[in-house]
Amino acid sequence: MSNTIIKVENLSKRYRIGLQEKKADTLAQQLWTNFKAPIENFKRIKSLGKFEEESDSVHWALKNVSFEVKQGEVLGIIGKNGAGKSTLLKILSKITEPTSGRIEMNGRVAALLEVGTGFHPELTGRENIYMNGTILGMTKKEIDRKLDEIINFSGVEKYVDTPVKFYSSGMRVRLGFSVAAHLEPEILIIDEVLAVGDYEFQQKCLGKMEDVSQKEGRTVLFVSHNMDAISNLCKKSILLNSGALEYIDNTEYVLRKYLALDLNSSNTYIDKSNNEFSKISRIIINTSDPNGFHNYGKELVIEFYIKSIDEIPNATLSFQLIDEKNRAIMHCWLFQSDYFFCNDDGVYKAICKIKSPKLYMGKYFLTAHFGEGKGGKKYQTLEKVCSFEIHMHGIKREFDWAPYACTYLEDFNWYVEKLD
Amino acid sequence: MNKTIIEPSKGWKVVDFDELWRYKDLLYFLTVRGIKARYAQSILGVGWAIIQPLFTTLVFTVVFGGLAKVDSDGMPYILFSYLALWPWNYFSGTLSESANSLVANAGMITKVYFPRLILPLAAIFSKLLDFIISFVVLLILLIYFKVVPGLGIIWLPLLLIQLLMTSLGIGMILSAMAVQYRDIKYALTFIIQLLLYGAPVVYSTTAVPEQYQFLYSLNPMVGVIEGIRAMFLNRPIPWDWIWPGSIVAIIFFVFGLFYFRRMEKVFADVA
């Protein structure tokens, strides 16, 4: 029997947000407003923590969120900015109280919403280890015991008796993370902290987190925008959208739902603005099948319509194909020096033919860039404005095609012979 | 296995002393941090803890004792004012430091949970070093003026507790308010200056008209200062000046504890 370690029931949290101030029309009115300001300010500040009635200034950061986490599970929390991820973490880590609802947690909780909280620039690395460690709930004894290990992991042994103000920001992050990595909670809550630090150290941290969850059987709640990290670490994830829990399921599924949230899933882009600038007015992805479906390996044709108001020096058009994990897989470009376009006003049509794209099954988005080329002005970046999906129908294999097995599928030949 | 339950809290609650005890090491390191940070990269370091009160005393002696001829109850004015400035500086210092402690550490409050009470407590403890150092200066002054404290000195710890309770009590109330109303920070600077004249620092209690004496003695610092003067100068202890202030100090302290606990839950949201 796997036991529930975190149980969240109908959790809600509301905040008060600032409303736009009324503007005065005359100087006399302005003076009167300034004169009244202290009273208005008092009312406003006083109401920051109070909610007598529903009004426009009330914002629900979380609304009726319920879920359970089993012991040893690593749960990813996904959502756009403002979806309520941080609020959820703040409530789970007791930093702020929920407005309603209830959470039950069995075990010691450590929350890591920031690396190196409480660090003081004037104190040495060693002193800051104690400072940060005790803030995170460790006792002096515990830190004494793990001090060497912490210093070792951080890789700043040489500077451990130097005030932290002389550290590089990377060193500070390392030191902060190694303190956190040596916490021994049953439940570990981690916010976007891995976004900082260099690649090597990030890998080290991810490795440490895997150890924590898999070998030591701890429960981890993990928020990140790094889709790779989420899909590597978390089997299960929840998707928050505008404060509500939309999905709780296996990570690959939830990630797909997240990426499809409000992205344009059409295979055409049409500029609807009325401005008179030089711009891409239309993009059409011609797929092999209707509705934006494309059969693996077939020719992919992408059309661009560009409106040029004037001569554009060194006009450059390029586009990237982005996969579901937000990684750019392909980059194609068109330079004025190779083909005449936008060297006068008018509308230009540019067609890009990709003979046999090696993109594996899955959804891809197109991001287009348009500008004056190297060193010049950039006119447009159209991020993920259209998309298409590649499928493997009609391509036989002994096994079924597994989604996410790869992103790039090359033709290959084997030459096999039996050696005696 | 310890169980945590998170629910919206309601009403007035008692401080969780068990939890506070679990975080005692944090209190220790925050106190040390406060001390180290205050005197980091300064040439005189803790020497400032000596210079500040000593110079104020000298200025007071010249201005009030010398020019204005304020009555100092027959004591050398320098001793008279130093005996008052010793607790007063601690009081005013801890008041401003603890009132600002939450705002100054807003970054910590919004990122980690720990009993918030640790912050004003650490502010008050980290000032204790200055208090002890200026005590040493006091001893030197006593030796110089050949003054021997009387037996009444055994009551000193009681007055120091009153001093601590007053600072902490008001500190807790002001720090909790300062999170929401930043006006506290600006108001406090000059209020502390004004308060100096509400306590017998530069003048003697004999200057207070009799009908106002009880009202005056409600200020806990009046009893602290008068008591300390009497104890060190071997005079009868003025209990009449002390007890009303003691009651007020206890009220401040208890109310502060409850008020702080009640406001605690909104700190992270409004900081």
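Residues numbered from 1 in each chain as written. Chains lettered and ligands numbered in written order. Predicted model: local features only at pLDDT ≥ 70, side-chain atom pairs only at ≥ 80, totals over all residues.

Please provide a residue-by-residue account of the overall build of chain A, values included.
Helix and strand content of chain A: eight helices and 18 strands. Across its three principal directions, the C-alpha atoms of chain A cover 95 × 70 × 45 Å. Put simply, chain A has 420 residues, and 34% of those count as buried. Considering only contacts in chain A between residues 6 or more positions apart, those separated by 24 or more positions represent 71%. (Helix = DSSP H or I, 4+ residues; strand = E, 2+ residues; numbered from the N terminus. Buried ≥ 20, exposed ≤ 12 C-beta atoms within 10 Å, placed from the backbone. Contact = placed C-beta atoms within 7 Å.)

Give me the overall build of chain B: which residues, what numbers.
The number of helices and strands found in chain B is 13 helices and one strand. Along chain B, helices (α) and strands (β) appear in the sequence β-α-α-α-α-α-α-α-α-α-α-α-α-α when read from the amino end. Its C-alpha atoms give chain B a radius of gyration of 20 Å, near enough to 18 Å, the size a compact globule of 271 residues would have. By principal-axis analysis of the C-alpha atoms, chain B measures approximately 65 × 50 × 35 Å. Taking all 271 residues of chain B together, 42% fall into the buried category. (Rg over C-alpha atoms; globule rule 2.2 N^0.38 Å.)

Talk me through the sheet that holds strand β10 (residues 268-270) of chain A; I want residue IDs and the actual numbers.
Residues and elements named next belong to chain A. One open sheet accounts for four strands, arranged β10-β11-β13-β16; its pairing is antiparallel. Two strands in the sheet have a free side with no partner beyond their single neighbour: β10 and β16 (346-354). Pairs of neighbouring strands in the sheet enclose a mean axial angle of 15 degrees, with direction left out of account. (Pairing = 2+ DSSP bridges. Axes fitted to C-alpha atoms, helices over the stretch in contact; angles between N-to-C directions.)

Describe the sheet that holds strand β12 (residues 293-295) of chain A, and please don't skip the residues or the numbers.
All names here are of chain A. Strand order in this open sheet of five strands is β12-β18-β17-β14-β15, and the pairing throughout is mixed. What marks the edges here is a single partner per strand, and that holds for β12 and β15 (328-335). Strand after strand, the sheet turns through a mean of 30 degrees between neighbouring axes, direction not considered. With nine bridges connecting them, strand β17 (residues 362-371) and strand β18 (residues 378-391) associate as antiparallel partners.

How would you sum up the UniProt feature "transmembrane region" (unreviewed entry) in chain B? Please name residues and give values.
Residue and element names in this part refer to chain B. Per the UniProt record, "transmembrane region" (unreviewed entry) is annotated on residues 43-68, 74-91, 117-145, 151-174, 186-203 and 241-260. End-to-end, the C-alpha atoms of residues 43-68 are 36 Å apart, and along that stretch the chain is 81% helix and 0% strand. The annotated region residues 151-174 carries 79% helix and 0% strand content, and the separation between its end C-alpha atoms amounts to 37 Å. (UniProt positions renumbered as here; feature names shortened; annotations may be inferred.)

Could you give me a rundown of unusual backbone geometry, with the residues and numbers involved?
Residues and elements named next belong to chain A. With phi around 45 degrees, Asn-64 is a residue other than glycine that occupies positive phi space. Relative to the helices and strands, Asn-64 resides in strand β2 (residues 58-70). We note that Lys-94 has phi near 70 degrees; this positive angle belongs to a residue other than glycine. For Lys-94, the position within the fold is in the loop between α2 (85-92) and β4 (100-106). With 18 C-beta atoms packed within 10 Å, Lys-94 lands in the partly exposed category.

Give me the interface of chain A and chain B: which residues, what numbers.
With 37 residues of chain A at the contact, the number on the chain B side is 29 residues. Going through the elements one at a time, α2, β4, β5 (109-112) and α3 (125-135) of chain A are the ones with two or more residues in the side of chain A that touches chain B. Here the side of chain A that touches chain B gets six residues from one element, more than from any other, and that element is β4 of chain A. Residue composition of the side of chain A that touches chain B, by class: 16 nonpolar, 12 polar and nine charged. Relative to strand β1 (residues 3-6) of chain B, β4 of chain A is paired through four bridges, and the arrangement is antiparallel. Pairing of Asn-106 of chain A across the sheet is with Lys-3 of chain B, part of β1 of chain B. (Nonpolar A, V, L, I, M, F, W, Y, C, P; charged D, E, K, R; others polar.)

So what's going on with the nonpolar core? Residues and values would help.
Ile-77, Ala-111, Ile-189 and Phe-222 of chain A together with Ile-118 and Ile-225 of chain B are the most contacted members of the largest nonpolar core, which has 134 residues in total. Per-element accounting of this core gives the leading share, 14 residues, to helix α4 (residues 77-104) of chain B. One finds Ile-302, Ile-306, Cys-342 and Tyr-364 of chain A within the second-largest nonpolar core, a separate group that totals 29 residues. (Core = buried A, V, L, I, M, F, W, Y, C linked by C-beta atoms within 7 Å.)

A description of helix α9 (residues 183-195) of chain B should follow, citing residues and the corresponding values.
Helical geometry: 3.6 residues make up each α-helical turn, so side chains three or four residues apart lie on a common side. Along its 13 residues, α9 of chain B runs 18 Å from first to last C-alpha, staying within 8% of the 18 Å computed at 1.5 Å per residue. Most pronounced at Thr-189 of chain B, the bend in α9 of chain B amounts to some 30 degrees. (Expected span 1.5 Å × (residues − 1). Bend = angle between axes of the 7 residues up to and from the residue.)

Quick one: what's the story with the confidence of the model for chain B, residue by residue and with numbers?
All names here are of chain B. Mean pLDDT over chain B works out to 88, with 99% of the residues at or above the 70 mark. Helix α6 (residues 118-126) holds the highest mean pLDDT among the elements of chain B, 93, whereas helix α13 (residues 267-270) holds the lowest, 81. Listed scores for the predicted complex are pTM 0.73 and ipTM 0.84. (pLDDT = per-residue confidence, 0-100.)

How would you sum up the pairing of strand β1 (residues 4-16) of chain A? Please name residues and give values.
Two faces make up the sheet, and in a regular strand the side chains alternate between them. Residues and elements named next belong to chain A. The pairing of β1 with β2 spans nine bridges and is classified as antiparallel. Bridge pairing in β2 links Arg-16 to Val-58. For β1 and β4, the ladder comprises five bridges, and the chain directions are antiparallel. Opposite Glu-9, over in β4, you have Arg-102 as the bridge partner.

Go over the confidence of the model for chain A, please, and point to the residues and values.
Confidence along chain A averages 84 in pLDDT terms, with 91% of residues attaining 70 or more. Across chain A, the secondary-structure element scoring lowest on mean pLDDT is helix α6 (residues 199-215) of chain A, at 73, and the one scoring highest is strand β14 (residues 316-322) of chain A, at 94.

Let's hear about the pairing of strand β11 (residues 279-286) of chain A: which residues, and what values?
Direction of pairing for β10 of chain A relative to β11 of chain A: antiparallel, over a ladder of three bridges. Of the residues in β11 of chain A, the one forming a bridge with Thr-268 of chain A is Ile-284 of chain A.

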